Amino acid sequence: MNSVISVSDFYFNYLRSDLVLKNVNIEIEKGSFTVIIGPSGAGKTTLCKALTGIVPFYSGGDYAGEIKVLGESTKGKKVSDLAMKVGLMLEDYESQLVSLTAGEEVAFSLLNHGFPPEEAEERTRLALEDVGLPGRESYQLDELSGGQRQRLALASLLAVHPEIIVLDEPVSAMDPDGGESLYKLLDKIHKEHGTTFIVVEHRLEFVLPYMTDLIAVKNGEIMAQGHCEDVVSHIYEDKELRPLLPDLWQIKCNLEKGTAQKFSLWRSADEAVKELQSKGFGRGVRA
Ligand SMILES: Nc1ncnc2c1ncn2[C@@H]1O[C@H](COP(=O)(O)OP(=O)(O)OP(=O)(O)O)[C@@H](O)[C@H]1O
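Keep in mind that this is a model prediction, so the values were computed, not measured.

A word on the nonpolar core
At step 1: Counting residues in hydrophobic clusters, the biggest one holds 74 residues, and the most contacted among them are Leu51, Ala155, Val166 and Leu214.
At step 2: Here this core gets six residues from one element, more than from any other, and that element is helix α6 (residues 146–158).
At step 3: Setting aside its immediate chain neighbours within four residues, leucine 214 contacts Val35, Ile37, Ala224, Cys228, Val231 and Ile235.

If you want it as structure tokens, here you go:
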């Protein structure tokens, strides 16, 4: 496998916490759209921070093991240098916005990374276009809606052209339309730029059409990881993780157990209905 991130025997606790990550071994495949799932408090956010060097090198705490990003250990790297390779947007993305205008916001991280002003300006223009905010350079942040500010935070990550982008619950504050449209945008970037995406998401219906890989975390341990096709039935067997799977995939696993037949990993209700009808299930069921 061509991995962009590899985590080996990683353990971590915050300054005043028990072990939050235990014996974590993960490979993130280049170009994958990897979704992290797990119950509340399982360690998903901590894992995202570990993949970007914030944990433990900025947060403090104790750790063992190693994380390599694009072949290099995160140890001894500045978080800002790592951000050139792996961008992170946390759930409280508003706290990552520091400027007065949209243009300044995107340019800020570029100038900080040492890009010359003319290049920063051009990259800012293109990144704002990419996220559907073309020409909004001079807009004050409070002239943008919540969803637009979130796209702006994403533009600041994209402008640096990192190979990997990590997003912690990027649509948690959005209505279903906003969530769907943000994930459509991520899918477009994924396809056009070949960026590797790692996303924590509770509402898997948003990522159902796009996700290629799954990582399931429970009590700080990795319970399953790999291509969706290979891990879904394993995740289904865990009673605590099962409800975190998309409804369609729970139905598929349930049917497979009940009928001893195999079904594809449906990406939409239409696909499910077509396959079920072709196998003689539920006469009269319509898509
Ligand atoms: N800064 C911190 N100091 C001490 N303990 C922390 C800190 N941040 C998180 N924790 C603890 O680490 C554990 C994992 O938290 P984390 O936020 O990574 O889980 P999560 O799976 O993202 O949860 P959620 O789905 O609720 O966001 C929890 O027990 C939490 O209380």
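Brief notes about the environment of serine 145
At step 1: For serine 145, the location among the structural elements is in the loop between α5 (117–130) and α6.
At step 2: When the 9 C-beta atoms within 10 Å are taken as the criterion, serine 145 is described as exposed.
At step 3: With 118 residues separating them in the primary sequence, serine 145 and phenylalanine 263 have C-alpha atoms 42 Å apart.

Some details on the site of the ligand
At step 1: The environment of the ligand is made up of Tyr14, Arg16, Ser17, Val20, Gly38, Ser40, Gly41, Ala42, Gly43, Lys44, Thr45 and Thr46.
At step 2: It is helix α1 (residues 44–51) that contributes the most residues to the shell around the ligand, three residues altogether.
At step 3: Here the shell around the ligand is composed, by residue class, of three nonpolar, seven polar and two charged.

Topic: the domain arrangement of the protein
At step 1: With domains assigned, the protein is organised as domain 1 (3–231) and domain 2 (246–286).
At step 2: Taking only C-alpha atoms into account, the centre of domain 1 sits 33 Å from that of domain 2.
At step 3: Of the residues assigned to the side of domain 1 that touches domain 2, the class counts are four nonpolar, no polar and two charged.

Comments concerning the pairing of strand β4 (residues 62–69)
At step 1: As defined by bridge partners, strand β1 (residues 3–13) adjoins β4 across seven bridges and the pair is classed as antiparallel. Each residue of the ladder has a partner; that of serine 8, found in β4, is glutamate 66.
At step 2: Where β4 and strand β5 (residues 72–73) come together, two bridges link them in antiparallel fashion. Counterpart to lysine 68 in the pairing with β5 is serine 73.
At step 3: What sits between the antiparallel neighbours β4 and β5 is a turn of two residues, in which leucine 70 has the positive phi angle 50°.

Digging into the pairing of strand β9 (residues 213–218)
At step 1: With five of six residues buried, β9 is to be regarded as a mostly interior element.
At step 2: The sheet contact formed by strand β3 (residues 33–37) and β9 spans four bridges and is parallel. Looking at the pairing, threonine 34 lines up with aspartate 213 of β9.
At step 3: What sits between β9 and strand β10 (residues 221–227) in their antiparallel hairpin is a turn of two residues, with asparagine 219 showing a positive phi close to 50°.

A closer look at the sheet that holds β9
At step 1: In spatial order, the strands read β6-β7-β8-β3-β9-β10; together these six strands make up an open sheet with mixed pairing. The outermost strands of the open sheet, each flanked by one partner alone, are β6 (86–89) and β10. Direction aside, neighbouring strands of the sheet carry axes that sit 15° apart on average.
At step 2: Of the strand pairs in this sheet, β9 and β10 are connected by six bridges, and their pairing is antiparallel.

Considering the packing of helix α8 (residues 228–237) against helix α9 (residues 247–259)
At step 1: Direction vectors running N to C along α8 and α9 enclose 80°, while the axes themselves pass 10 Å from each other. On the basis of the axis angle, α8 is roughly perpendicular to α9. Listed contacts from α9 to Val232, Ser233 and Tyr236 of α8 are Trp249, Gln250 and Cys253.
At step 2: Among the residues forming the contact of α8 with α9, the class breakdown is four nonpolar, two polar and no charged.

Some details on the sheet that holds β1
At step 1: Pairing within the open sheet is antiparallel, and its four strands lie in the order β2-β1-β4-β5. Two strands lie at the open edges of the sheet, namely β2 (19–29) and β5, each paired on one side alone.

A closer look at the UniProt feature "domain: ABC transporter" (unreviewed entry) in the protein
At step 1: Following the UniProt record, the feature "domain: ABC transporter" (unreviewed entry) maps to residues 5–244 here.
At step 2: Between the C-alpha atoms that bound residues 5–244 there is a distance of 24 Å. The span itself is 34% helix and 26% strand.

Definitions and cut-offs
- Residues numbered from 1 in each chain as written.
- Predicted model: local features only at pLDDT ≥ 70, side-chain atom pairs only at ≥ 80, totals over all residues.
- Core = buried A, V, L, I, M, F, W, Y, C linked by C-beta atoms within 7 Å.
- Buried ≥ 20, exposed ≤ 12 C-beta atoms within 10 Å, placed from the backbone.
- Helix = DSSP H or I, 4+ residues; strand = E, 2+ residues; numbered from the N terminus.
- Contact = placed C-beta atoms within 7 Å.
- Near = placed C-beta within 6 Å.
- Nonpolar A, V, L, I, M, F, W, Y, C, P; charged D, E, K, R; others polar.
- Domains from an automatic or database assignment.
- Pairing = 2+ DSSP bridges.
- Axes fitted to C-alpha atoms, helices over the stretch in contact; angles between N-to-C directions.
- Parallel < 35°, antiparallel > 145°, perpendicular 65-115°, else oblique.
- UniProt positions renumbered as here; feature names shortened; annotations may be inferred.

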